[in-house]
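One-letter residues, chain by chain:
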Amino acid sequence: MPIEGFQPHFEAVLWDMDGTLFDSEKYWLEAEVELMQRFGVVWTEHDQSICLGGPMDRVERYMAERANFANPPEYFGHELRQLMVKKFSEPLDFAPGAFALLTQLREMQTPMGLVTASSRALVDAALHTIPAGTFGVVISGDDVTVGKPSPEGYLSAATQLGVDITRSIILEDSFVGTSAALASGATVIGISHLGELATPAPGQERQLYVTHSLSDVSLEILNSVVEDRKSTRLNSSHTDIS
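Described in the following lines is the structure provided in the data block. (Residues numbered from 1 in each chain as written. Predicted model: local features only at pLDDT ≥ 70, side-chain atom pairs only at ≥ 80, totals over all residues. Heavy atoms only, no water.)

### Focus: the side chain of Ser-24
Secondary-structure assignment places Ser-24 in the loop between strand E1 (12–15) and helix H1 (25–37). Leave out the neighbours within four places in its chain, and Ser-24 touches Met-17, Asp-18, Gly-19 and Phe-88. (Helix = DSSP H or I, 4+ residues; strand = E, 2+ residues; numbered from the N terminus. Contact = heavy atoms within 4.5 Å.)

### Side note on the environment of Pro-111
Among the secondary structure elements, Pro-111 is positioned in the loop between helix H5 (98–107) and strand E2 (112–115). The exposure class of Pro-111 is partly exposed, given its relative accessible area of 33%. Along the chain, Pro-111 and Ala-67 lie 44 residues apart, while their C-alpha atoms are 43 Å from each other. (Buried < 20%, exposed > 50% of the residue type's maximum accessible area, 1.4 Å probe, protein only.)

### Describing the sheet that holds strand E3 (residues 137–139)
What the six strands build is an open sheet, ordered E3-E2-E1-E4-E5-E6; its pairing is parallel. Each having just a single partner strand, E3 and strand E6 (208–211) make up the two edges of the open sheet. The mean angle between the axes of side-by-side strands here comes to 20°, regardless of whether they run parallel or antiparallel. With respect to the sheet, H5 is in contact with E1, E2 and strand E4 (168–172), its orientation differing from that of E1 by roughly 145°. Relative to the sheet, helix H8 (residues 175–184) contacts E4, strand E5 (187–191) and E6, its axis offset from that of E4 by approximately 170°. (Pairing = 2+ DSSP bridges. Axes fitted to C-alpha atoms, helices over the stretch in contact; angles between N-to-C directions.)

### Here we look at the packing of aromatic side chains
Taken as a whole and judged by the stated rule, the model has seven aromatic pairs. Residues Phe-22 and Phe-94 carry aromatic rings whose centres are separated by 5.3 Å and whose planes lie at 40° to one another, so their mutual orientation is tilted. One end of the pair, Phe-22, is in the loop between E1 and H1; the other, Phe-94, is in the loop between helix H4 (73–88) and H5, with 72 residues separating them in the sequence. Phe-22 sits in the buried class, given a relative accessible area of 1%. Ring geometry for Phe-39 and Phe-76: centres 5.2 Å apart, planes at 45°, overall tilted. Of the two residues, Phe-39 is situated in the loop between H1 and helix H2 (45–51) and Phe-76 in helix H4; the sequence distance between them amounts to 37 residues. Put simply, the rings of Phe-22, Phe-94 and Phe-99 pair up and form one aromatic cluster. (Phe/Tyr/Trp six-rings, centres within 6.5 Å; stacked < 30°, edge-to-face > 60°.)

Pasting the structure below:
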């Protein structure tokens, strides 16, 4: 239920999909392993971590290289998408804490957007898991000229929602994704459960709040992170976050 008397200090929340909203990285790993087994390649979690966050053109190039270019990169991208659409056709598990936070924000009627490097076909399949209308805008990897780490998708989402990106929050869980989020100018919640995250520019350390799980993120924390960053802007000497 919404918190009585709660007043958000942010205009919108923009979500990454894989690993942030849905616990879908395990499905990606399964599909990658299945695909690479066709070529006798042992695909490890290290390989997955390199591909984490996309975009697909980078992933397919890496897979083609690991398979000694037995097929062109486009083949790997196409086959991987086909495997993932099948997996995403079933209800997906939410990432820890994601459903609770999503529900609270939805009940507060907070403008929300989904910005992902995944293809439109994958996004459409995945969105069957959540109520229609949850997101005011959905940006897939097919909807941008340049994918993450470019901030294009997040900037486009903010424009379509009619919000100020610098007064919005982005939830991300990968180096590529947090790079895009930080470059957009938004306040960023970085989920460090799968590996390294991007580093804010010097003097902008409070632009990024790092947590291991969205289970540890409440509406009050979203407010405090935004207010903490705002106070830092007003007092440029206040940059120590230790």
